[in-house]
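Listed below are the residues making up each chain.
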Amino acid sequence: MGFRKTGLLFILLASGLSNACMPAFDEVEKNTPEYYVPVYSSTLQQNDFPQPVRNYLNKEGVELGKTLFFDPGLSANGKVSCAGCHLPEKAFSDGLALTNIGVSGLALHRNSPALFNLAWHDGLFWEGGANDLESMVFGPLTHPDEMAADLNEVLEYINTHEAYPLLFQEAFSSDSITSSSIARSLAQFMRTLISDESKYDQWKRDETELNSEELKGYSVYQEHCSSCHKEGLFTDLSYHNNGLDSSYPDPPELEGLYQGRYRITYKDEDMGAYKTASLRNLSFTAPYMHDGRFANLEQVLDHYETGIKTNETLAPQLENGIVLSTTERTQLLAFLNSLNDYNFITNPAYQK
Amino acid sequence: MKNLAIILLVVLGFTSCKDDEEEMFTSIQVNLEFAHVLNGEALELDGKAYNLPSGESFTPSKFKYYISNITFENSETGNTYFVADGYYLIDEAGKKEITFEVPAGSYDKLSYYVGIDKERNLSTDQVGDLDPNNDMVWSWKTGYKFLVLEGEWEYESSDRRGLVIHIGNNDPETEVNFKEFSFDLSSEGLTLGSEAMVDLDIEAEISSLFTGDSDLVVHELESTSIMGGPLAISVANNYQKSLFSIK
């Protein structure tokens, strides 16, 4: 920093700038973004914190992203913010099967996914079509049934806003505000949404103990669930057909929406496959599945026990369903409860 | 005295010209001008109907595509010039001419791609013609639409129905729909080098999407919304053969 300061001063002097220009120097210095890597628990079982070189986290960018996240002014009718469907108190999900609070008032075809530990996801959306958070942002922002934003109008809104131009300047050290800087700041904020303070995490860190029912439930989880809901993030971040439907209609206007990951890869084995949801924070994220078809965890476990629809792309682990005794089910549910992170949903850093 | 000055100027001018032609300018300004036709007729987007190769009627409403990775080459010396960071959106309803500077030299080959290379196609938080506000990105998967043709088709009925062709490629493993187009400028008498400013007129024939290795008959398609998969590959293979010609 000292070197940079000296260098800058030299340039300013060399440019023959008068003292009258010196406040600009202070401004530039103040505007240098503060880059950082967030701290996260070893219990997430992640070796590093991936972030794109072009968009490292910085304090100002994250703060700006948070402001944008809660701002309905980005939407076409000025009423729908990101947070409208991603509520902090519901681990950034919305508690609805298929929301219709978007600009068009039409119900979506997808359940609003919970947002946490996204830095480690290399595919966003239920079928993983978005490669990174930066690119993902443009989906909900512009979809007519979600925020329906015209990006050029969003830029006008931001550029004429009383606070945003300075916030962008501070976050990106540039006077030019683009669609990409909007996406990048939102991505930065979302990358900071880390959930690693559940009872399970504390137990793994030897800070607390699980009771005997939870411990037995942990064994049930390990035996029956952990191949897809891999310990750590409690998702393998992969895509599976978990037997929800036997066939996948393809009405042209829906652009392959019922085909799951197949619409992205055009690989036969991806037909009807969706991203494995994390088992963390389940108490806050009902209803479940990509279309929110199951209202509670009992229904989910009923599905895995007796409701599996078999076809050629079904995940092999589910061929015989997951049959648990009543006791095992109770134990499993007790363990799943230990994955709820109350610190995450009340963390002041994530509130409006 | 005045006459002498003129003579001197002419002589000096002539001499320097004769000594070294290329020293006269350090770069060549190249203007690529794109014109769009369908079945040989100039493209209009205001409700005019055209005949597709299949004989079906088509009323276009949108035609736009990205030109990128432009390269000029001297096939004798192997000298090439690559237009760095050159991603240009050509739109029948918008910009149809692009201009850039090429270092002075002789170039007898031009090549460019329709679409966006793998590296740039992996994310969409970009600027300029790649800004996602250009209506050329998918909302549910990351990547640019390389070429877009939309309109309404009609066959043996008065019902017009939508035809949507969005060619892109979101598969990081391959660049199957990222197509190169090459032109031999010398055979057109258009070798670059002797002038400081060059206009190259390029015509795009939209019929080429529908004919080639696989002839498209719109009313026989399972879906007239072509956004990826084998059908998009067929369309891209079709137009790679004969979309562009230099006029």
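These notes cover the structure that comes with them. (Residues numbered from 1 in each chain as written. Chains lettered and ligands numbered in written order. Predicted model: local features only at pLDDT ≥ 70, side-chain atom pairs only at ≥ 80, totals over all residues. Heavy atoms only, no water.)

Here's the deal with the overall build of chain B
Each helix and strand counted, chain B has three helices and 14 strands in total. Burial statistics for chain B: of 247 residues in total, 47% are counted as buried. The contacts of chain B with a sequence gap of at least 6 include a subset with a gap of at least 24, amounting to 71%. Carbon and sulfur atoms form 48% of the exposed surface of chain B, whose accessible area is close to 11,600 Å². (Helix = DSSP H or I, 4+ residues; strand = E, 2+ residues; numbered from the N terminus. Buried < 20%, exposed > 50% of the residue type's maximum accessible area, 1.4 Å probe, protein only. Contact = heavy atoms within 4.5 Å. Areas by Shrake-Rupley, 256 points an atom, 1.4 Å probe, with all protein chains shown as cover.)

A word on unusual backbone geometry
What is expected of a backbone is that most residues other than glycine have negative phi and most peptide bonds are trans. Residue and element names in this part refer to chain A. A cis geometry characterises the amide bond from Ala286 onward to Pro287, with omega recorded as -5°. Summarising the element assignment, Pro287 is placed in the loop between strand E2 (274-275) and helix H13 (297-307). Even without being a glycine, Leu237 presents a positive backbone phi close to 60°. Mapped onto the fold, Leu237 is located in the loop between helix H11 (212-224) and strand E1 (239-240). The buried category is assigned to Leu237, whose relative accessible area is 17%.

Some details on the interface of chain A and chain B
Facing 25 residues of chain A, the contacting portion of chain B comprises 20 residues. Around 1,800 Å² of area is buried between chain A and chain B when both sides are counted, 50% of it from carbon and sulfur atoms. Contact with chain B buries surface across chain A, with Asn131, Glu255 and Tyr266 of chain A losing the most and accounting together for 26% of the total. Linking chain A to chain B there are two salt bridges. Asp125 of chain B serves as the salt-bridge partner of Arg184 of chain A, at 2.7 Å between the closest nitrogen and oxygen. Inspection of the region where chain A meets chain B yields nine residue pairs in polar contact (both at pLDDT 80 or more). Contributions of two or more residues to the side of chain A that touches chain B are made by helix H5 (133-136), helix H6 (138-142), helix H7 (151-159), helix H9 (179-191) and helix H12 (262-265) of chain A. Ranked by the residues each element gives to the side of chain A that touches chain B, the list is headed by H9 of chain A, at four residues. Per-class residue counts for the side of chain A that touches chain B are nine nonpolar, 10 polar and six charged. (Buried area = accessible area lost by both parts, 1.4 Å probe. Salt bridge = Lys/Arg side-chain N within 4 Å of Asp/Glu carboxyl O. Polar contact = N/O pair within 3.5 Å; in protein donor to acceptor, adjacent residues only side chain to side chain. Nonpolar A, V, L, I, M, F, W, Y, C, P; charged D, E, K, R; others polar.)

Considerations on the packing of aromatic side chains
Within this structure, the stated rule accounts for 41 aromatic pairs over all chains. Taken together, a centroid distance of 6.2 Å and an interplanar angle of 20° make the contact between Tyr218 of chain A and Tyr221 of chain A stacked. Residue Tyr218 of chain A and its partner Tyr221 of chain A are located together in helix H11, separated by three residues, close to a single helical turn. Given a relative accessible area of 9%, Tyr218 of chain A falls into the buried group. The buried category is assigned to Tyr221 of chain A, whose relative accessible area is 0%. In this structure an aromatic cluster arises from ring pairing among Phe34, Phe63, Tyr65, Tyr112, Phe181, Phe183, Tyr239 and Phe244 of chain B. Above the plane of the ring of Tyr239 of chain A lies Arg261 of chain A, whose end atom (NZ or CZ) is 4.0 Å from the centre. When the ring centre of Trp140 of chain B is taken as origin, the NZ or CZ atom of Arg263 of chain A, which lies over that ring, is 3.8 Å away. (Phe/Tyr/Trp six-rings, centres within 6.5 Å; stacked < 30°, edge-to-face > 60°. Lys NZ or Arg CZ within 6 Å of the ring centre and 35° of its normal.)

Comments concerning the pairing of strand E12 (residues 197-205) of chain B
All names here are of chain B. Note: strand E1 (residues 27-38) against E12, nine bridges, orientation parallel. Following the sheet pairing, His36 is matched in E12 by Ala204. Here three bridges tie E12 to strand E14 (residues 244-246), and the two strands are oriented antiparallel to one another. In the sheet register, Ala204 faces E14, and the bridge partner there is Phe244. (Pairing = 2+ DSSP bridges.)

Structural notes on the pattern of salt bridges
Residue and element names in this part refer to chain A. In total, this model carries 27 salt bridges over all chains according to the counting rule given. One salt bridge in this structure joins Arg54 and Asp132, with 2.8 Å as the shortest N-O distance. Highlighted residues: Arg54 in the loop between helix H2 (22-30) and helix H3 (59-69) and Asp132 in the loop between helix H4 (82-85) and H5, separated in sequence by 78 residues. Arg54 gets classed as partly exposed once you look at its relative accessible area, which sits at 34%. Residue Arg329 is joined to Glu305 by a salt bridge in which the shortest nitrogen-to-oxygen separation is 3.5 Å. Of this pair, Arg329 sits in helix H14 (residues 326-337) while Glu305 sits in helix H13; the two residues are 24 residues apart in sequence, bridging distant segments of the chain.

Observations regarding H14 of chain A
Residues and elements named next belong to chain A. Spanning 12 residues, H14 covers 17 Å between terminal C-alpha atoms, matching the ideal 16 Å at 1.5 Å per step. Listed in full, the buried residues belonging to H14 are Arg329, Gln331, Leu332, Leu333, Ala334, Phe335 and Leu336. Buried positions along H14 lie against helix H10 (199-204), H11 and H13. (Expected span 1.5 Å × (residues − 1).)

With respect to the environment of His109 of chain A
Residue and element names in this part refer to chain A. Within the secondary structure layout, His109 lies in the loop between H4 and H5. A relative accessible area of 33% means that His109 is categorised as partly exposed. Measuring from C-alpha to C-alpha, the distance between His109 and Phe138 comes to 17 Å, with 29 residues separating the pair along the chain. Once you skip the residues sitting within four places of it in the chain, His109 turns out to touch Leu98, Leu254, Leu257, Tyr258, His290 and Asp291.

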